[in-house]
There are 2 protein chains.
Amino acid sequence: MTRRYAILAPHRFETDAKTAHGVIRYGSDDVVAIVDSALAGKRVKDVLPFLESDAPIVATVPDALEYSPTALLIGTAPKGGGLPADWRDAVLAAIDAKLEIVSGLHDILGDDREFRFRAQAAGTTIWDVREPPDVPLFSGAVYDVAAPILLTVGNDCAVGKMTVSLELVRAAREAGCNARFVPTGQTGIIVAGWGISVDRVIADFAAGAAEQLVLYAAHEGADLIVVEGQGALNHPAYAAVTLALMTGCAPDAVILVCDPRRTAIESYGTPTLGYAELVELHERMLATVKPAKVLGIALRTAGSSDREARAEIERATRETGLPADDVVRFGPERLYAAISPVMTKGSPLRAEGPHE
Amino acid sequence: MTRRYAILAPHRFETDAKTAHGVIRYGSDDVVAIVDSALAGKRVKDVLPFLESDAPIVATVPDALEYSPTALLIGTAPKGGGLPADWRDAVLAAIDAKLEIVSGLHDILGDDREFRFRAQAAGTTIWDVREPPDVPLFSGAVYDVAAPILLTVGNDCAVGKMTVSLELVRAAREAGCNARFVPTGQTGIIVAGWGISVDRVIADFAAGAAEQLVLYAAHEGADLIVVEGQGALNHPAYAAVTLALMTGCAPDAVILVCDPRRTAIESYGTPTLGYAELVELHERMLATVKPAKVLGIALRTAGSSDREARAEIERATRETGLPADDVVRFGPERLYAAISPVMTKGSPLRAEGPHE
């Protein structure tokens, strides 16, 4: 059954609500209202026209009930993953109104005694999307997957790896390829309705989780598997998750996703790497496990003019020799066309794993 | 109070009991008996003379009680980390004899209802060494640590990173330096009595755990901090943990630990890397976060003659230009002497973090 979401993002909907934006743009469930008192009275299309969707923005959860939601989605993924203390009352109001609570936070809301008790009393449920299942260790079975595996990587967190993955899957499907999106983070899971939040898996098992996701997509009969990447290879806090995906998914090829305005890793002083260094470093690391090439670069140029965006795209190509594009601004078709000859089942260009 | 350990390692003590060997050689607690029916009647010094210790080997836990143990230590770290099913009776016999159970397994024995109930009934406790505390995200505070930070890395798991770290700390202390060993795995924690099993931390927080360990050692007043590394940078399953330590500890320098006989990553077909490539790859990755050099190479040459060992040590130096040694066979003094000029508090050669 399709959910009707009210999305909770007080004071953050416009600037810092990646989960909300992803679900509005790509989710199969409906979004009927946004709760953000700072923007109450406006509509989504007034604030974020690029989402190509619309819904009213209201001040409180009780205000949202007018639009008959069936679920409350926690709309942000704050650093550290906790529920802001002043959001508790909104969650409790939603529980008491019998809404399902859907959360991608690190804090497991179902472990909170008050939330759990109130949800049981109200006869509703809490879906903690980020809580991973038990997974086995990495086994190497992924080396035998027949379908080509594409992984997105990037110059930082939150630069558009999920979006690029979803847009490439859309282009592939429109071209007649049975492509599957593999979600590895909370928003992707909420969008797709399955997946594992790999950053939440015990470190020893993170590569195993990535492998299981690819095996599942292969089992479902995908002709092309596109894995949402996480973090960045030189991220001081999250590089481990990035590398777990690079080894665990055993990609045949990689798409580099960059926001060129990021000169330092967000929240840390670590400088981001340039296009050519990113290409070289990812290929260098992948070569030590299962060789794979960077096939193209997807840029996030939001906030630039079309002309500035094209200049940045040209620069990325000039510095690396690779096709580049902004798949949100200009559509995913050109980048997909550039990579699709390699990413075809049975292509002789596919990389080989150490077990093959 | 010092523990008196009986160590459980049925059919594995000689070949596959890393935890047992580490505690016997380096632990501050006493080892009074080994339980391994395959070797019953022999003594530790007959089977593994290099441990420079001695204890009787007996067939069963009841046999071990004759030596008045106060704790039963699970002596191995099998792949996947589970308790072999046919060891349950031995653990229950120890619980019923009021021994403390000390385990570094991934399976948390205290979560097992039967073990927990029987331990409560017997009035004893279960210490699951691998269960990590809650840790914060990586913050960058480690960049302000004044003491030099040395991290061991390697060409595979189980090649001697803990041993080399402990031997270098011993050499440093004998040279008058207040060095501290930082344990990151179950054996190291059992040996040192503190630490975090970083491979057991949720992936997002693994670098944060590494940072907290270094901050703790610094807070204790160490003049040199030597961190036990884990895994290998091209390990298909565990590379994420390796990289979490490389970013989270923010080392000023690295010691490369290699078993030259490993031509492929254990249990996987991935080829191990040569000395020069390992040096280059680690320095390359560290340069993207906080630059640090490989200062020396520690080799595990067990099973070779002294002459073969010296030839391998010379080869490592010839291929990299770095000092090399087997710190178990020839002692840690030479390798420590080679690296100590750089690893001194206030040395101008120390690397700088991006926040400094």
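How each quantity is defined
For every chain, the first residue of its written sequence is number 1, and the numbers climb from 1 along that sequence. Chain letters start at A and ligand numbers start at 1, both assigned in the order the entries are written. In keeping with the predicted nature of the model, local features appear solely for residues at pLDDT of at least 70, side-chain atom pairs appear and are counted solely at 80 or more, and the whole-chain, interface and lining totals rest on all residues. Comment: elements are numbered from the N terminus, with helices defined as DSSP H or I runs of at least four residues and strands as E runs of at least two. For the radius of gyration, the atom set is restricted to C-alpha positions; the globular benchmark scales as 2.2 Å times the number of residues to the power 0.38. Counting other C-beta atoms within 10 Å of a residue's own tells you its class, since 20 or more makes it buried, 12 or fewer makes it exposed, and anything in between is partly exposed; those C-beta atoms are placed from the backbone. Once C-beta atoms have been placed from the backbone, residue pairs whose C-beta atoms lie within 7 Å are recorded as contacts. Where each domain starts and ends follows an automatic or database-derived domain assignment. Polar here means any residue outside two lists: the nonpolar Ala, Val, Leu, Ile, Met, Phe, Trp, Tyr, Cys and Pro, and the charged Asp, Glu, Lys and Arg; Gly therefore counts as polar. Strands qualify as paired when DSSP identifies two bridges or more between them. In this analysis an axis means a line fitted to C-alpha atoms, helices contributing only their contacting stretch, and an angle means the value between N-to-C directions, from 0 to 180 degrees. Least-squares superposition of the copies uses the C-alpha atoms of those residues scoring a pLDDT of at least 70 in each of them. Helix span, expected: 1.5 Å multiplied by one less than the number of residues in the helix. Under this scheme an angle from 65 to 115 degrees is roughly perpendicular, one under 35 degrees roughly parallel, and one over 145 degrees roughly antiparallel; angles in between are oblique. Left-handed describes a crossing in which the near helix is turned anticlockwise from the far one by less than a right angle; the clockwise case is right-handed.

Notes on the overall build of chain A
- Summing up its helical and strand segments, chain A has twelve helices and twelve strands in all.
- Since a compact globule built from 356 residues should have a radius of gyration of about 21 Å, the 20 Å found for chain A is in line with a globular shape.
- Projected onto the principal axes, the alpha-carbon positions of chain A cover approximately 55 × 50 × 45 Å.
- Looking at chain A residue by residue over its 356 residues, the buried ones come to 56%.
- Taking the contacts inside chain A whose residues are at least 6 apart along the sequence as the reference set, 73% of them involve residues at least 24 apart.

Focus on the domain arrangement of chain A
Residue and element names in this part refer to chain A.
- Domain parsing of chain A yields domain 1 (4–128) and domain 2 (141–339).
- Centre-to-centre, using C-alpha coordinates, domain 1 lies 27 Å away from domain 2.
- With five residues, the top contributor of residues to the side of domain 1 that touches domain 2 is helix α1 (residues 18–26).
- Taken together, the residues of the side of domain 1 that touches domain 2 sort by class into five nonpolar, six polar and two charged.

Comments concerning the interface of chain B and chain A
- Taken together, the contact between chain B and chain A spans 35 residues of the former and 35 residues of the latter.
- Elements with a contribution of two residues or more to the side of chain B that touches chain A: α8 (206–219), α9 (239–248) and α10 (275–287) of chain B.
- With six residues, the top contributor of residues to the side of chain B that touches chain A is α9(B).
- Partitioned by chemical class, the residues of the side of chain B that touches chain A number 22 nonpolar, nine polar and four charged.

Side note on the sheet that holds strand β1 (residues 4–8) of chain B
Residue and element names in this part refer to chain B.
- Taken together, six strands build an open sheet; the order of strands is β3-β2-β1-β4-β5-β6 and the sheet is parallel. Of all the strands in the sheet, the pair left with one neighbour each is β3 (57–58) and β6 (126–128).
- Pairing of strand β2 (residues 30–35) with β3, which is carried by two bridges, proceeds in the parallel orientation. When the sheet's bridge partners are listed, Ile-34 is paired in β3 with Ile-57.
- Each of β1, β2, β4 (71–74) and β5 (100–103) touches helix α4 (residues 88–96); the most contacted strand, β5, lies at about 140° to it.

Brief notes about the relation of the copies chain B and chain A
- When chain B is brought onto chain A, the operation consists of a screw motion whose angular component is 180° and whose axial shift is 0.0 Å, with 0.0 Å RMSD remaining. Read as a symmetry element, the transformation amounts to a two-fold axis.
- Taken together, the interface assignments show that 100% of the residues at the interface of chain B recur at the interface of chain A, consistent with an identical surface on both copies.

Considerations on unusual backbone geometry
- Unusually for a residue other than glycine, A:Ala250 sits at a positive phi of about 50°.
- Relative to the helices and strands, A:Ala250 is located in the loop between α9 (239–248) and β10 (253–258).
- Taking the number of C-beta atoms within 10 Å as the measure of exposure, A:Ala250 has 29 and is therefore buried.
- Its identity is not glycine, yet B:Lys98 carries a phi of approximately 70°, on the positive side.
- Among the structural elements, B:Lys98 can be located in the loop between α4 and β5.
- By C-beta crowding, B:Lys98 is classed as exposed, having 12 other C-beta atoms within 10 Å.

A look at the sheet that holds strand β5 (residues 100–103) of chain A
All names here are of chain A.
- With parallel pairing, six strands are arranged side by side in an open sheet as β3-β2-β1-β4-β5-β6. Each edge of the open sheet is held by one strand with a lone partner, namely β3 (57–58) and β6 (126–128).
- The sheet contact formed by strand β4 (residues 71–74) and β5 spans three bridges and is parallel. Residue Leu-72 lies in a different strand from β5, and its bridge partner there is Ile-101.

Thoughts on α9(A)
- With respect to burial, α9(A) is a largely interior element, ten of its ten residues being buried.
- Taken residue by residue, α9(A) has A:Ala239, A:Ala240, A:Val241, A:Thr242, A:Leu243, A:Ala244, A:Leu245, A:Met246, A:Thr247 and A:Gly248 as its buried positions.
- Those residues of α9(A) that are buried lie in contact with β7 (149–154), α8 (206–219), β9 (224–227) and α10 (275–287) of chain A together with α8 and α9 of chain B.
- Phi for A:Ala250, located one or two positions after α9(A), is positive at around 50°.

Regarding the environment of A:Arg116
- Note that A:Arg116 resides in helix α5 (residues 113–122).
- As for A:Arg116 and A:Ile95, which are separated by 21 residues in sequence, their C-alpha atoms are 9.5 Å apart.

Regarding helix α6 (residues 161–174) of chain B
Residue and element names in this part refer to chain B.
- Here α6 spans 20 Å end to end across 14 residues, near enough to the 20 Å set by a 1.5 Å rise per residue.
- Counting buried positions along α6 yields eleven of 14 residues, so the element is predominantly enclosed.
- One or two steps after α6, the chain reaches Gly-176, where phi turns positive at roughly 90°.

A look at the pairing of strand β9 (residues 224–227) of chain B
Residue and element names in this part refer to chain B.
- Neither face of β9 is left uncovered, since the one carrying Leu-224 and Val-226 and the one carrying Ile-225 and Val-227 both have all their residues buried.
- Relative to β9, strand β7 (residues 149–154) runs parallel, the two being bridged by three bridges. Paired with Leu-151 across the strands is Val-227, a residue of β9.
- As paired strands, strand β8 (residues 179–182) and β9 are joined by four bridges and run parallel to one another. Residue pairing in the sheet places Arg-180 in a bridge with Ile-225 of β9.

Side note on the packing of helix α4 (residues 88–96) of chain A against α5(A)
Residue and element names in this part refer to chain A.
- Remark: α4 packs on α5, axes separated minimally by 9 Å, with the N-to-C direction vectors making an angle of 20°. As summarised for this structure, α4 and α5 are arranged roughly parallel, according to the angle between their axes. Judged by the twist between their axes, the crossing of α4 over α5 is right-handed. Of α5, the residues touching α4 (which contributes Val-91, Leu-92, Ile-95 and Asp-96) are Phe-115, Arg-118, Ala-119 and Ala-122.
- Of the residues in the contact of α4 with α5, the class split is six nonpolar, no polar and two charged.

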